[in-house]
Amino acid sequence: MVARIYRPAKTAMSSGMAQSHLWVLEFERQSAPSIEPLMGYTSSDDTQTQVRMKFPTKEEAIAAAERMGVAYRVAEPHERKRFTISYSDNFSRTRRQPWTH
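Residues numbered from 1 in each chain as written. Predicted model: local features only at pLDDT ≥ 70, side-chain atom pairs only at ≥ 80, totals over all residues. Heavy atoms only, no water.

Asker: For the side chain of Glu 26, give the residues involved together with the corresponding values.
Answerer: Along the chain, Glu 26 falls in strand β2 (residues 23-27). Polar contacts involving the side chain of Glu 26 include one to the side chain of Tyr 6, which spans 3.4 Å. Setting aside anything within four residues of it in sequence, one finds Glu 26 in contact with Val 2, Ala 3, Arg 4, Tyr 6, Val 51 and Arg 52. (Helix = DSSP H or I, 4+ residues; strand = E, 2+ residues; numbered from the N terminus. Polar contact = N/O pair within 3.5 Å; in protein donor to acceptor, adjacent residues only side chain to side chain. Contact = heavy atoms within 4.5 Å.)

Next comes the structure, spelled out in structure tokens:
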């Protein structure tokens, strides 16, 4: 059983960064999902994939995985590039493309 520790990216539906500062520990899938023949539902006998724990720091998530005796993999987050752009830059004479309506 292998756990994955990562910090989730922001959702695509909002510009805010809520819920993206926590570290998540979740278990990787051990068996492939199967399709139930009568109704066509997707099912699995792997219940560990339903476990998802959140921690304020990466070190706490690693400590929890070590306490449980679980092998883990840490995925480092990609930091956002912040561009400082001023509104007045839209009207600058050195703009690459001329500003027109």
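Next comes the rest of the account.
Asker: Help me get a handle on the sheet that holds strand β1 (residues 2-6), residues and values and all.
Answerer: The strand order across the open sheet formed by four strands is β5-β2-β1-β6, and the pairing between neighbours is mixed. Every other strand in the sheet has two partners, leaving β5 (52-55) and β6 (71-75) as the edge strands with one partner each. With direction set aside, neighbouring strand axes in the sheet form an average angle of 20 degrees. Looking at chain direction, β1 and β6 are connected through five bridges and run parallel. Residue pairing across strands places Ile 5 opposite Val 74, the latter belonging to β6. (Pairing = 2+ DSSP bridges. Axes fitted to C-alpha atoms, helices over the stretch in contact; angles between N-to-C directions.)

Asker: Residues and numbers for the pairing of β2, please.
Answerer: In terms of residue burial, β2 counts as a mostly covered element, since five of its five residues are buried. Bridge count between β1 and β2: four bridges; the pairing is antiparallel. Looking at the pairing, Arg 4 lines up with Glu 26 of β2. Sheet topology places β2 next to β5; four bridges connect them, and they run antiparallel. Each bridged residue has a counterpart across the sheet, and for Val 24 the counterpart in β5 is Lys 54. (Buried < 20%, exposed > 50% of the residue type's maximum accessible area, 1.4 Å probe, protein only.)

Asker: Can you explain the side chain of Asp 46? Please cite residues and give values.
Answerer: Mapped onto the elements, Asp 46 comes out in the loop between β4 (42-43) and β5. Buried within the structure, Asp 46 lacks any salt-bridge partner; Arg 29 is the closest side chain of opposite charge, at an N-O distance of 5.2 Å. In this structure the side chain of Asp 46 is engaged in a polar contact, spanning 2.7 Å, whose partner is the backbone nitrogen of Gln 30. Within the local environment of Asp 46, its side chain forms a polar contact with the backbone nitrogen of Gln 48, the two atoms lying 3.5 Å apart. (Lys, Arg positive; Asp, Glu negative; His and termini not counted. Salt bridge = Lys/Arg side-chain N within 4 Å of Asp/Glu carboxyl O.)

Asker: Tell me about the packing of aromatic side chains, and name the residues and values.
Answerer: The geometry of two aromatic rings is summed up by the distance between their centres and the angle between their planes. Per the counting criterion, the structure on display carries zero aromatic pairs. Above the face of the Tyr 6 ring, Arg 4 is positioned so that its terminal group lies 4.2 Å from the ring centre. (Phe/Tyr/Trp six-rings, centres within 6.5 Å; stacked < 30°, edge-to-face > 60°. Lys NZ or Arg CZ within 6 Å of the ring centre and 35° of its normal.)

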